[in-house]
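Okay, here's what each chain looks like letter by letter:
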Amino acid sequence: MKVLLVGGGGREHALAWKIAQSPMVDTVFAAPGNPGIARLASCVDISVDSHDELVAFARAFVTSSSTVRSCVAKPFTVSTRFGTRSARRW
C-alpha cells in the first residue's frame, strides 16, 4: 500500500516513522515533508494548502494499479482549513 502523509512538522515525522514500519506499507509519500521525513519517505513539493494538487498526486502519480490508498493529515491542518477551531486544543 502507498500512503500520502500531508504536512511537514514534528508530528508528521513521528507518523511517517511509525507508518513506514508497517508491513502493509510499500511506500510513504510526504507533502511537503521536511529533511527528517525525507529519510523515511519520498517528499513531494506540494503545499498542504494545495488541495487540488494533493488529490491529483494521489490519483495520478503512479499507475492505476498502484495508486495511493491512504492519506494521513493531522486534525489541526484539516479543521483550520475548513473554518473550525476546535482542533487548536490539540
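Reading the values: the criteria
- Residues numbered from 1 in each chain as written.
- Predicted model: local features only at pLDDT ≥ 70, side-chain atom pairs only at ≥ 80, totals over all residues.
- Heavy atoms only, no water.
- Helix = DSSP H or I, 4+ residues; strand = E, 2+ residues; numbered from the N terminus.
- Buried < 20%, exposed > 50% of the residue type's maximum accessible area, 1.4 Å probe, protein only.
- Contact = heavy atoms within 4.5 Å.
- Areas by Shrake-Rupley, 256 points an atom, 1.4 Å probe, with all protein chains shown as cover.
- Pairing = 2+ DSSP bridges.
- Right-handed = clockwise from strand over helix to strand, strands pointing away.
- pLDDT = per-residue confidence, 0-100.
- Phe/Tyr/Trp six-rings, centres within 6.5 Å; stacked < 30°, edge-to-face > 60°.

Regarding the overall build of the chain
When helices and strands are tallied, the chain shows four helices and four strands. Along its sequence from the N terminus, the chain presents helices and strands in the succession β-α-β-α-β-α-β-α. Taking all 90 residues of the chain together, 34% fall into the buried category. Partitioning the contacts of the chain with sequence separation of at least 6, the portion at a separation of at least 24 is 56%. On the chain, roughly 5,700 Å² of surface is accessible, and the fraction owed to carbon and sulfur atoms is 56%.

Considerations on the pairing of strand S2 (residues 27–32)
Of the pairings in the sheet, the one linking strand S1 (residues 2–7) to S2 comprises six bridges and is parallel in character. Counterpart to Val6 in the pairing with S2 is Ala31. Handedness of the S1-helix H1 (residues 10–20)-S2 crossover: right-handed. Across two bridges, the pairing between S2 and strand S3 (residues 42–43) is parallel.

Things to note about unusual backbone geometry
Geometrically, the link from Ala31 to Pro32 is a cis peptide bond, its omega value of -5 degrees lying close to zero. Position of Pro32 relative to the elements: it lies in strand S2.

Structural notes on the environment of Asp26
With respect to the helices and strands, the residue Asp26 is situated in the loop between H1 and S2. C-alpha separation for the pair Asp26 and Met1, spaced 25 residues apart in sequence, amounts to 5.3 Å.

Let's talk about the confidence of the model for the chain
Taken as a whole, the chain shows an average pLDDT of 78; of its residues, 67% reach a score of 70 or greater. Counted against residues more than four places away or in other chains, residues 77–90, with its pLDDT under 50, gives eleven contacts.

Regarding the packing of aromatic side chains
By convention here, two paired aromatic rings are described through the distance between centres and the angle between planes. Using the criterion set out here, one finds one aromatic pair in the structure. Their ring planes at 80 degrees and their centres at 5.2 Å tell us that Phe29 and Phe57 sit as a pair that is edge-to-face. Separated by 28 residues along the polypeptide, Phe29 in strand S2 and Phe57 in helix H3 (residues 51–60) bring together distant segments of the chain. On the accessibility criterion, Phe29 (6% relative accessible area) is buried. Under the relative-accessibility criterion, Phe57 is labelled buried at 8%.

Focus on the environment of Pro35
Structurally, the position occupied by Pro35 is in helix H2 (residues 35–38). Counting along the chain gives 22 residues from Pro35 to His13, while the straight-line C-alpha distance between them is 9.6 Å.

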